[in-house]
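Overview (structure and organization)
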Amino acid sequence: MKIDLTDTTSSKINAALMDARRAGGSTAAGMVLTLVIVTDEGSAYDALKAANDASREHPSRTLAVIKRAGRSPRARAETRLDAEILAGSDAGSGETVILRMHGELVAHAQSVVLPLLLPDAPVVVWWPENAPQHPAQDPLGAIAQRRITDAVTAESPVGQLAQRAASYTPGDTDLAWTRITGWRSMLAAALDQRPVEITSAVVEGESYNPSVELLGLWLTNRLHIPVERVVTGGPGITSVTLRTKSGDIVLDRPDGLMGTLSMPGAPDRQVALKRRETAELIAEELRRLDPDDIYAAAVRTPVDRLKQPSAEAASSAPVLEAAVSAPARVTAKVPAATAQQPAPAKKAVAKKAVAKKAPAKRATKKAGS
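Read on for a plain summary of the structure. Since the model is a prediction, treat every value here as computed from it, not as a measurement.

Thoughts on the overall build of the protein
Assigned secondary structure in the protein consists of 13 helices and 14 strands. Residue burial in the protein is summarised as follows: out of 369 residues, 46% are buried. Taking the contacts inside the protein whose residues are at least 6 apart along the sequence as the reference set, 69% of them involve residues at least 24 apart.

See the structure below:
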């Protein structure tokens, strides 16, 4: 069922929701939380689809807040609220209300959202893109028990981690952290099976991916060991190596689908490490509404604690370009492409080039004299 309301109010929206519920044969809400999505027109479809899929596990009332301030002075001066209500099969296992706010109403979105919250139910706010610098101080974020951001959508994803650390408030979380749940579970299970002393670790993954940094910071914080961050071609995180005196424990996933766990003295095992869709990530975050202390400790660990590769390897531009473009795994540890030629051969080429230039210089002096 779909209901369109133009130039409406929160009370009219509530009345329309009650009518839609009665028309569907149910007078009870039966929903466990309110999910507020703050987005724009470009990202609304994907965000609502993910929320609807997640609502099959967590029946909820989804409020999509779309702010349209207007481009012209006349449009900005006009204050109007348009609503689109989806119920029944169109809204998953809950109710969906798309709120389009125009003009000055954009600055007072919380006044529209507050009357539409489910009574006595938790509130979760999700910013798929363009999250505020301090989510807990945002007018909409202040009414929520949980605030979900996504650092990967920022202009500088890795730099965004420092902002998330500076503004962290209990209840904050980020989907970049949720994406590494499988990796953390597998690594913890491997150490449970083989209790050994870890001396260092290497985390490999594509550049501009904050999940790689968060995984390295988590290892640094929990194991108190030096962790090296290596750039590869992806997708996402490609490998984690835990170094021990008895051999390396390696969890490798070069294709983004299946991983291989290698341990000293044991056969290699295939493990499921598929990259998950946004709906699965949101569903995981909605399972817990208490503060995530482990995330807080990891994100507050400075990123510069991660050890970078050696200067010789890091300065190799061709290798870094290959790590971004080539599907094969290339790490920053690989020596420069010019290193393929033996050192004596390089010196011979250099001497030959000098010998060619020398006669030209003498000929020039002779002509000038």
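Next comes the rest of the account.
Regarding helix α2 (residues 41-54)
Relative to the 20 Å expected for 14 residues at 1.5 Å per residue, α2 spans 20 Å between its end C-alpha atoms, a close match to the ideal helical length. Every buried residue of α2 is accounted for by Ser43, Ala44, Ala47, Leu48, Ala50, Ala51, Asn52 and Ala54. Here the buried face of α2 lies against β2 (33-39), β3 (60-68), β5 (95-102), β6 (123-126) and α9 (278-285).

Some words on the pairing of β2
In terms of residue burial, β2 counts as a mostly covered element, since seven of its seven residues are buried. As paired strands, β2 and β3 are joined by seven bridges and run parallel to one another. Paired with Val38 across the bridge in β3 is Val65. Between the parallel elements β2 and β3, the chain passes through α2 in a crossover that is right-handed. Pairing analysis gives four bridges linking β2 to β6, with the strands arranged parallel. Within β6, the residue paired with Val36 across the bridge is Val125.

Re the environment of Ala176
Topologically, Ala176 is positioned in helix α6 (residues 175-178). Assessed through its relative accessible area of 0%, Ala176 is described here as buried. Ignoring sequence-local partners within four residues, the contact set of Ala176 consists of Asp150, Pro210, Ser211 and Leu214.

Observations concerning the sheet that holds strand β13 (residues 258-262)
With respect to topology, six strands assemble into an open sheet ordered β10-β9-β11-β12-β13-β14, the strand pairing being mixed. Two strands in the sheet have a free side with no partner beyond their single neighbour: β10 (227-231) and β14 (269-272). When the angles between neighbouring strand axes are averaged without regard to direction, this sheet yields 20 degrees. Sheet topology places strand β9 (residues 198-205) next to strand β11 (residues 237-244); seven bridges connect them, and they run antiparallel. Each residue of the ladder has a partner; that of Glu204, found in β11, is Ser239. With respect to the sheet, helix α7 (residues 181-193) is in contact with β9, β11, β12 (247-252), β13 and β14, its orientation differing from that of β11 by roughly 25 degrees. Strands β9, β10 and β11 of the sheet are contacted by helix α8 (residues 210-223), whose axis makes an angle of about 170 degrees with β9.

Here's the deal with the pattern of salt bridges
Tallied over the entire structure, the rule returns 16 salt bridges. Where Asp82 meets Arg80, a salt bridge forms, and the shortest distance between an N and an O atom there is 2.9 Å. The exposure class assigned to Asp82 is buried, which follows from its relative accessible area of 15%. The class of Arg80 is buried, set by a relative accessible area of 19%. One connected set of salt bridges, linked through shared partners, spans Lys2, Glu41, Arg68, Glu84 and Arg100.

Reading the values: rules and limits
Residues numbered from 1 in each chain as written. Predicted model: local features only at pLDDT ≥ 70, side-chain atom pairs only at ≥ 80, totals over all residues. Heavy atoms only, no water. Helix = DSSP H or I, 4+ residues; strand = E, 2+ residues; numbered from the N terminus. Buried < 20%, exposed > 50% of the residue type's maximum accessible area, 1.4 Å probe, protein only. Contact = heavy atoms within 4.5 Å. Expected span 1.5 Å × (residues − 1). Pairing = 2+ DSSP bridges. Right-handed = clockwise from strand over helix to strand, strands pointing away. Axes fitted to C-alpha atoms, helices over the stretch in contact; angles between N-to-C directions. Salt bridge = Lys/Arg side-chain N within 4 Å of Asp/Glu carboxyl O.

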